[in-house]
Amino acid sequence: MIRKPKLVTTVAAAALLTLSACTNDGDDTAAAEATTSVSSSAVESTTTATSSAAAEHSEADVMFAQMMMPHHQQAIEMSDIILAKDGIPADVTALAEEIKNAQGPEIQQLTEWLDQWGEPTEPQGSTGGHNMAEMDGMLSDDELQQLSDAEGTDAARLFLEQMIAHHEGAITMAEDEVENGSFQPAVDLAQTIIDTQQQEIDTMRDLLNSL
């Protein structure tokens, strides 16, 4: 008779422990489910933000990227022409290297944005160089040939004159993007182009005066 209360107490204690364990397991499961839910929400939120960022661009942004790419490519071509020549002043070759180093990565960035937006790298309806020669500052095939044929100081002077006009055209396009663009990173790049190329124009004018 004395052992019965002890047995009841033991059974009750075991039941309480089991109940407590079940309760803790429930808490852990609920916590795990909550964590999974939060993680999933974070991924969905990031994906939505990325998609929204890609969608928040305008026709002006697309045109800026499509037109600035070949403009930059020609500046690099001009720089390569002058860098391949002998007898070019060191300050001029240094500037040509500077232009290549700045505009190469910008072309890559513009390409990535167009891909992100699902847009072609050339304007609709353009074929090859069609309409590209009409952009401000773009050199004709004849003008590029003149640069290729020039030598020494004459080549350096022609390069500087042509690149000044080329930069002025790029600045005009960049100013249009700053005014009308919607995709903030593209607007920021346009402002960088304006600031950088205006500084280079000032440098080139000084170099012309020293030749």
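Residues numbered from 1 in each chain as written. Predicted model: local features only at pLDDT ≥ 70, side-chain atom pairs only at ≥ 80, totals over all residues. Heavy atoms only, no water.

Structural notes on the overall build of the protein
For clarity, the cut-off: Strands here mean DSSP runs of E at least two residues long; helices mean DSSP runs of H or I at least four residues long; both are numbered from the N terminus. Relative accessibility thresholds used throughout: buried, under 20% of the residue-type maximum; exposed, over 50%; partly exposed, between the two (1.4 Å probe, protein chains only). Any two residues whose heavy atoms approach within 4.5 Å are treated as being in contact. Each accessible area is a Shrake-Rupley estimate made with a 1.4 Å probe; only the visible protein chains count as cover when residues are assessed.
What the protein contains, in helices and strands, is six helices and zero strands. Scanning the protein from its N terminus toward the C terminus, one meets helices and strands in the order α-α-α-α-α-α. Looking at the protein as a whole, 34% of its 211 residues are labelled buried. Across the protein, the fraction of contacts at a sequence separation of at least 24, relative to all contacts at a separation of at least 6, is 82%. For the protein, the accessible surface area stands at approximately 12200 Å², while carbon and sulfur atoms represent 53% of it.

A closer look at the environment of Ser 148
Looking at where Ser 148 falls in the secondary structure, it is placed in helix H4 (residues 141–149). By relative accessible area, Ser 148 is classed as partly exposed at 34%. The sequence separation of Ser 148 and Met 78 amounts to 70 residues, and the corresponding C-alpha distance is 8.7 Å. Non-local contacts of Ser 148, meaning those with residues more than four positions away in its chain, are made with Ile 81 and Lys 85.

Some details on the packing of aromatic side chains
Two measures describe an aromatic ring pair: the distance that separates the ring centres and the angle between the ring planes. Using the following cut-off: Centres within 6.5 Å are what make two rings of Phe, Tyr or Trp a pair, Trp counting through its six-membered ring; a difference in plane orientation under 30 degrees is then read as stacked, over 60 as edge-to-face, and the rest as tilted.
A full pass over the atoms with the stated rule returns three aromatic pairs. Taken together, a centroid distance of 5.1 Å and an interplanar angle of 85 degrees make the contact between Trp 117 and Phe 183 edge-to-face. Residue Trp 117 is located in helix H3 (residues 90–117), and its partner Phe 183 is located in the loop between helix H5 (152–180) and helix H6 (184–210); the two are separated by 66 residues in the primary sequence. Through successive ring pairs, a cluster of aromatic residues spans Trp 113, Trp 117 and Phe 183.

A closer look at the pattern of salt bridges
Threshold: Any carboxyl oxygen of Asp or Glu that lies within 4 Å of a side-chain nitrogen of Lys or Arg is treated as forming a salt bridge with it.
For the structure on display, the rule yields three salt bridges. Its salt-bridge partner being Arg 157, residue Asp 154 comes within 3.5 Å of it at the nearest N-O pair. Here the residue Asp 154 and the residue Arg 157 both occupy positions in helix H5, the gap between them amounting to three residues, near one helical turn. Arg 157 gets classed as partly exposed once you look at its relative accessible area, which sits at 29%.

Thoughts on the nonpolar core
Put simply, the test is: Definition used in this section: a nonpolar core is a set of buried Ala, Val, Leu, Ile, Met, Phe, Trp, Tyr and Cys residues joined via side-chain atoms within 4.5 Å.
Met 68, Ile 82, Val 92, Leu 110 and Phe 159 are the most contacted members of the largest nonpolar core, which totals 45 residues. When contributions to this core are tallied by element, the ones reaching two or more residues are helix H2 (59–83), H3, H4, H5 and H6. Among the elements that line this core, the one with the most residues is H5, at eleven residues. Dropping the residues within four chain positions of it, Met 68 is found in contact with Leu 110, Ala 170, Met 173, Ala 174 and Ile 193.

Observations regarding the packing of H4 against H5
Formally: Angles shown run from 0 to 180 degrees and are taken between the N-to-C directions of axes, each axis being a line fitted to C-alpha atoms and, for helices, limited to the stretch in contact. Convention used here: angles under 35 degrees read as roughly parallel, angles over 145 as roughly antiparallel, angles from 65 to 115 as roughly perpendicular, and any remaining angle as oblique. Residue classes follow a fixed rule: Ala, Val, Leu, Ile, Met, Phe, Trp, Tyr, Cys and Pro count as nonpolar, while Asp, Glu, Lys and Arg count as charged, and any other residue, Gly among them, counts as polar.
In contact at an axis separation of 8 Å, H4 and H5 are set at 150 degrees when each is read in the N-to-C sense. What the angle tells us is that H4 and H5 run roughly antiparallel. Touching Glu 143, Gln 146 and Leu 147 of H4 are Ala 155, Leu 158, Phe 159 and Gln 162, all from H5. Its residues assigned to classes, the contact of H4 with H5 comprises four nonpolar, two polar and one charged.

What about H3?
The criterion, for reference: Given a helix with a known number of residues, its expected span is that number minus one, times 1.5 Å.
Counted at 1.5 Å a residue, the expected span for H3 with its 28 residues is 40 Å, and the 41 Å between its end C-alpha atoms agrees. Within H3 the residues assigned to the buried category are Val 92, Leu 95, Ala 96, Ile 99, Gln 103, Glu 106, Ile 107, Leu 110, Trp 113, Leu 114 and Trp 117. Following H3 by one or two positions, Gly 118 has its phi on the positive side, about 70 degrees.

Topic: a negative patch on the surface
In plain terms, the rule: Nonpolar side chains (Val, Leu, Ile, Met, Phe, Trp, Tyr) within 5 Å and like charges within 9 Å form the patches, drawn only from residues with over 30% relative accessible area and no salt bridge. Here Asp and Glu are counted as negative and Lys and Arg as positive; His is not counted, and neither are the chain ends. Each charge is placed at NZ for Lys, CZ for Arg, CG for Asp and CD for Glu.
On the surface, a cluster of negative charge is made up of Glu 77, Asp 141, Asp 142 and Glu 143. The element contributing the most residues to the negative patch is H4, with three residues. On the secondary structure map, Glu 77 appears in helix H2.

Some remarks on the side chain of His 71
With respect to the secondary-structure elements, His 71 resides in helix H2. Those residues in contact with His 71, other than ones at most four positions away along the chain, are Met 135, Asp 136, Gly 137, Met 138, His 166, Gly 169, Ala 170 and Met 173.

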